[in-house]
Protein chains: 2
Amino acid sequence: MKTLLKNGTVVNVFTDELERADVLLDGGRILGVGTCYKDEDADEVYDASGKFICPGFIDGHIHIESTMMTPAELARLCVENGTTAIMADPHEITNVCGLKGVDYILESSENLPMTVYVMMPSCVPATALDEAGAVLLAEDLEPYYDHPRVLGLAEMMNYPGLLFGDPEVWKKIRSAREKGMVINGHAPLLSGRDLDTYVAAGIGDDHETSSFEEAAERIRKGQRVMIRQGGQARNLEALLPLFEEPWNRRCLLVTDDIHADILMERGHINGIIRQAVKAGKNPVAAIRMATLQAAECFRLQGVGAVAPGYAADIAVLSDLETMTVCDVFKGGKQVVKDGRAEVFEVPAVSAELEETVRNSFHMEPLKKEDFLVPGAGSKSCRVIQLVKHQLLTDVSLEELDLSKGSGIDLDLDILKLAVAERHKNTGHIGLGFLHGFGLKEGALASSVAHDSHNLVILGTNEEDMAVAGNRVREMGGGCVVVKDGKVVEELALPVAGLMSDKTAAEIAEGSAAIQEAAYKLGASKDLDPFMMMAFTALPVIPHVKLTTLGLVDVDTQQLLPLVEEPHQRFCGFS
Amino acid sequence: MKTLLKNGTVVNVFTDELERADVLLDGGRILGVGTCYKDEDADEVYDASGKFICPGFIDGHIHIESTMMTPAELARLCVENGTTAIMADPHEITNVCGLKGVDYILESSENLPMTVYVMMPSCVPATALDEAGAVLLAEDLEPYYDHPRVLGLAEMMNYPGLLFGDPEVWKKIRSAREKGMVINGHAPLLSGRDLDTYVAAGIGDDHETSSFEEAAERIRKGQRVMIRQGGQARNLEALLPLFEEPWNRRCLLVTDDIHADILMERGHINGIIRQAVKAGKNPVAAIRMATLQAAECFRLQGVGAVAPGYAADIAVLSDLETMTVCDVFKGGKQVVKDGRAEVFEVPAVSAELEETVRNSFHMEPLKKEDFLVPGAGSKSCRVIQLVKHQLLTDVSLEELDLSKGSGIDLDLDILKLAVAERHKNTGHIGLGFLHGFGLKEGALASSVAHDSHNLVILGTNEEDMAVAGNRVREMGGGCVVVKDGKVVEELALPVAGLMSDKTAAEIAEGSAAIQEAAYKLGASKDLDPFMMMAFTALPVIPHVKLTTLGLVDVDTQQLLPLVEEPHQRFCGFS
């Protein structure tokens, strides 16, 4: 079918011009752009008078799981914001379900009104000091490189491994390169020689860049910088200078981790552009970054421009200040009308895969005794110290009375933290203490706990912790708030314990509700309770975290004892 | 081996900056760029004080055969000018030797100090109204796409075929696209809908662009424009505005057809940049066009920049005005010292291929009778009219006396032109008359006659024509000037009748000598005699040309009779 988009202004990403031109779509491709086309050339005519015809936006790096939405629901929301392609790194679901997680993301995103490209997770598990649901080797990833929507190897977070010559890391890099794949980077603050080595390995981009100086070095060295404006990690303001020439030529826009509420409130890539425009940046250059240059970064041919032969993926905007999306064409078909996504068929996923991702809990029910720290009396215990407004943590040694509440001390704001292995029924439970969270009653539990997504539980008492953990287990995943042995609020995340079946609005509402419930139990308003809890279990952010195996010194990648035994005195020859 | 280029100024094509930085080469790749490297990091230190460290230049479109040099000799000359890669379209040798011509170019360019990438000739033969040495179909080209130095399908000159849906043209395009190949364009003055169709077919660039307006339309539609500054076709001046933003982002620099003398006098890509700089353009942007952007056009990863992981192909320049090349590194090895190429091993070509390309004449000796136009007395004959300073020709009908000199009339400057088939011993000889050339004595013959490269002979008498033609045949190809039955000057081109074994200087000297000899016999100084003769045999440039099959009306692609028989009168019922 041929559609003529008439009387609009084309955003030309090759020349940064706004061009009065009509656009003829033929099936999935753009056939012509100009003023020589007539109504008779098309089966359907679309009136774009007063509107801007823009290439569909591309998000160069996003974790679908972090949105808690299924690919279909995310596509609906994204496409309403003019996004027609995302590069998804299914790192989270793969840590839970292994390659079946990748299969699920691929199957559940087939033929959506937004193309979901997949980058193969490079670091599963993220660390050897945790127990994930799978271990992926280079040879596991390789077959996926032949999939038409798999573009390469996702963020190579293990830059220490790369720099120190870890053979498995290099095997993954070499095999991706041999297959002509793109390799995404993730190496915050890497600089000088180390950055040279990292870039020379073929790591073509980075989304962890947080300052202009850092970006400038990367760009000079040939990397592309993905300007990340996520839900929590927001680098846009610091990186605004990158919207100028020549820097903007080597940048694109990404969200990385973003929640439903922010997507609904701010929009997606169009929202980032709006913020940049508000800060005085040129909207056309910003659109070029978010379209053609994203395609170039991923070596996609014929994507990211309104030009003959290019994919007919088009966002029609009312203006270039608010970046309001009126209508969207994907593969030549109108998929958004007046800002609303047209109904589309949700892709069918094979029964076997549904079975796998919806039964991701492999653990026995928890008992309150599981949370007791062995020992009695006053002991010198390691306590994780939260640092205000940061994901970094410190640690301190505190004298805690293990006989009384197994060490919990609400007066001192010392809570019990537990991470229970949920993938392989090992029964492993890591125990710790946390200071700075503020909870005064009950317990929280969640199956979202980067990157291994074991069951993390935080509580003021062991009974409520067991109730909370068991409720998450029962639901097959989710977030739960318990008080006095009863669930007071919950959000079910039955897909791999990470994603919901619900709509974006319902997820946003559910997330707000559990957060509110946690605040009601005393959680500090300075933090996002469930996110903060999740990150206490991520042993790649300094300095001390908790895994199923116990406390981890992130800087040395060593396990630490929870209870510090007094040093045995050296007794000489006695 | 590691080499440290110290104290130089790096031309950064990602940021257009001139950057004080040292460059560490490790084998064929650049390992690091910065000021953190020390002498101890390298096996060898090169002092680049006061010099500019620039990516090696890339010529995005050149016909090696037009230089008359072998790939090795061309590489020597190019690399001395800082060129480390060319994209060669072996269209000429393939018209003579078929795929063995491609094989020859590939084998004879293996491991040169300049990478010779090959684009598969798309239009062999160029037309059905001539007899070339081969016919190449899509299925003949396909296996070559797996060769590591074959990047795609060369200039798709048959744009009428593409527009009218010629199935073989589309088969070639589709098969190249399916293999992920680049497809180069060649479609002078194509515009509007036709250009849209051509671009939408996947033709990503054009080197025939001759005005800024033409270039602007192409760039808006997503094509890259190759700014051609060849020996004869010189588009630089008209296209100078393309060196400005945003246009320069989608342009690169090419030579297409260029001779040894011009290469020696002007330089190669560095010479084009010098001319642009002289015209006030930014040298760094011009270098970017000729390096990174050429690589991008051909989808080459890790080529065209001085950055970690990139190929260690580097031109060291004394300054950015004269673009004088001091030293060149190719694959990390110094291949030019103080402007002189280091001696390198000339690639061995298999005996069978040498045998084929050096025995490209398959025809019987010529006799003077072969050049006689049948008939007697005064006849109305078609005469090709040269147009001053153009390759275009006109045609006129003249009364010529076939009984006297078989139609030749030196007083009227009407010469005899012949094109003798030399590939398949068909014995076909096309005969014609030519006006405007000026020759007063003797004859010229040449085996360089685009695109079929049959034996073209121009003379003032049939005896000298036979002598000239036979001498070319004897040499296995070349250019010959004959007077009074004797060869007065000759240039041997034994490789496919197109290329010499000699050095650039010898070829330049030989070319000058045959040209001078032709002028001595009366050839007009307004034209390059051998080039003009060659183009009278190219039936794709309007309006009338001569092939082995006779006169061709290029506009209608029909054969024309040489002698116009008087129309038989309509006699009614009598």
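See the structure printed just above.
The following refers to the structure shown. Residue indices follow the written sequence of each chain, beginning from 1 at its first position. Chain labels run from A onward and ligand labels from 1 onward, assigned in the order the entries are written. Selection of residues for local features in this predicted model requires a pLDDT of at least 70, selection of side-chain atom pairs for listing and counting requires 80 or more, and totals for whole chains, interfaces and linings are taken over all residues. Side-chain metrics in this entry use all non-hydrogen atoms of the structure; hydrogen atoms and water are not considered.

1. Comments concerning the overall build of chain A
Stage number 1. Runs of H or I in DSSP of at least four residues are treated as helices and runs of E of at least two as strands, each being numbered from the N terminus. Along the backbone of chain A there are 16 helices and 31 strands.
Stage number 2. Atoms counted for the radius of gyration: C-alpha only. Globule rule: 2.2 Å times the number of residues to the power 0.38. A compact globule built from 574 residues would reach a C-alpha radius of gyration of about 25 Å, and chain A, at 25 Å, matches this within 12%.
Stage number 3. The principal-axis extents of the C-alpha atoms in chain A amount to approximately 100 × 50 × 45 Å.
Stage number 4. Should any heavy atoms of two residues lie within 4.5 Å, those residues are counted as being in contact. Summarising the internal contacts of chain A: among those between residues at least 6 apart in sequence, 68% fall at separations of at least 24.
Stage number 5. What sets the accessible areas is the Shrake-Rupley method with a 1.4 Å probe; for residues, cover comes only from the shown protein chains. When the accessible surface of chain A is summed, it comes to about 20800 Å², and 51% of that surface belongs to carbon and sulfur atoms.
Stage number 6. Of the side-chain charges in chain A, 53 are positive and 86 negative, and the distance between the mean point of each set is 2 Å. Only four residue types enter the charge count: Lys and Arg as positive, Asp and Glu as negative, with His and the chain ends excluded. We put the charge of a Lys on NZ, of an Arg on CZ, of an Asp on CG and of a Glu on CD.

2. Some words on the relation of the copies chain B and chain A
Stage number 1. For these two chains of identical sequence, chain B goes onto chain A by a turn of 180 degrees and a shift of 0.0 Å along the axis, with RMSD 0.1 Å. What the superposition gives is, in effect, a two-fold axis relating one chain to the other. Looking at the rotation axis and the C-alpha trace of chain B, the residue lying nearest is Arg299 of chain B, at 4.1 Å. Least squares is the method used to superpose the copies, on C-alpha atoms of residues holding a pLDDT of at least 70 in both.

3. Looking at the pattern of salt bridges
A pair can form between side chains of opposite charge whenever their charged atoms are brought close.
Stage number 1. Salt bridges are counted wherever a side-chain nitrogen of Lys or Arg sits within 4 Å of a carboxyl oxygen of Asp or Glu. Taken as a whole, this structure holds 67 salt bridges over all chains when the rule is applied.
Stage number 2. The partner of Asp146 of chain A in a salt bridge is Lys179 of chain A, with the nearest N and O atoms 3.2 Å apart. On the criterion of sequence distance, the pair formed by Asp146 of chain A in the loop between helix H4 (138–141) and strand S11 (150–156) and Lys179 of chain A in the loop between helix H6 (167–178) and strand S12 (182–185) is long-range, its members being 33 residues apart.
Stage number 3. The classification of residues rests on relative accessible area computed with a 1.4 Å probe and restricted to protein chains. Under 20% of the type maximum is buried, over 50% is exposed, and intermediate values are partly exposed. Taking the relative accessible area as the measure of exposure, Lys179 of chain A reaches 37% and is therefore partly exposed.
Stage number 4. Each of Asp16, Glu245, Arg249 and Arg288 of chain A together with Asp16, Glu245, Arg249 and Arg288 of chain B takes part in one network of salt bridges that share partners.

4. Some points on the interface of chain B and chain A
Stage number 1. Across the contact, 33 residues belong to chain B and 32 residues belong to chain A.
Stage number 2. Scanning the region where chain B abuts chain A turns up seven salt bridges.
Stage number 3. Here Arg193 of chain A and Asp41 of chain B are joined by a salt bridge, their closest N and O atoms 2.2 Å apart.
Stage number 4. Throughout this description, a polar contact denotes any pair of N or O atoms lying within 3.5 Å of each other; where both atoms belong to protein, one of them has to be capable of donating a hydrogen while the other can accept it, and for residues adjacent in sequence the pair is counted only when both atoms sit in side chains. Applying the counting rule to chain B against chain A returns 14 residue pairs in polar contact (both at pLDDT 80 or more).
Stage number 5. Taken together, the elements giving at least two residues each to the side of chain B that touches chain A come down to strand S3 (17–20), strand S5 (29–34), helix H7 (192–200), helix H8 (212–220) and helix H13 (292–297) of chain B.
Stage number 6. Gly is placed with the polar residues, together with every amino acid not listed as nonpolar (Ala, Val, Leu, Ile, Met, Phe, Trp, Tyr, Cys and Pro) or charged (Asp, Glu, Lys and Arg). In terms of residue class, the side of chain B that touches chain A is made up of 14 nonpolar, six polar and 13 charged.

5. A closer look at the side chain of Arg249 of chain A
Stage number 1. You can see Arg249 of chain A is positioned in the loop between strand S14 (224–228) and strand S15 (251–254).
Stage number 2. Residue Arg249 of chain A is classed as buried on the basis of its relative accessible area of 12%.
Stage number 3. In this structure the side chain of Arg249 of chain A is engaged in a polar contact, spanning 3.0 Å, whose partner is the side chain of Glu245 of chain A.
Stage number 4. Excluding residues within four positions of it along the chain, Arg249 of chain A makes contact with Asp16, Arg288 and Gln293 of chain A together with Glu245, Pro246 and Arg249 of chain B.

6. Some words on the packing of helix H11 (residues 269–278) of chain B against helix H12 (residues 283–290) of chain B
All names here are of chain B.
Stage number 1. One can describe the packing of H11 onto H12 by two numbers: an axis separation of 10 Å at closest approach and a directional angle of 150 degrees. Judged on the interaxial angle alone, H12 and H11 are roughly antiparallel. Crossing angle aside, the handedness with which H11 passes H12 is right-handed. Within the contact between the two elements, H11 uses Ile269, Ile273 and Val277 and H12 uses Pro283, Ala286, Ile287 and Ala290.
Stage number 2. The class makeup of the residues in the contact of H11 with H12 is seven nonpolar, no polar and no charged. To define axes, lines are fitted to C-alpha atoms, for helices over the stretch in contact only, and angles between the resulting N-to-C directions are given on a 0 to 180 degree scale. An angle counts as roughly parallel when it lies under 35 degrees, as roughly antiparallel when it exceeds 145, as roughly perpendicular when it falls between 65 and 115, and as oblique in every other case. Crossing handedness: left-handed means the near helix sits turned counterclockwise from the far one by under a right angle, and right-handed means the same turn made clockwise.

7. Quick look at the environment of Arg340 of chain A
All names here are of chain A.
Stage number 1. For Arg340, the location among the structural elements is in strand S19 (residues 340–341).
Stage number 2. Of the residues examined, Arg340 reaches a relative accessible area of 58% and is grouped as exposed.
Stage number 3. Through-space distance from the C-alpha of Arg340 to that of Glu80 is 6.0 Å; in sequence the pair is 260 residues apart.
Stage number 4. Aside from chain neighbours lying at most four places away, what touches Arg340 is Glu80 and Val335.

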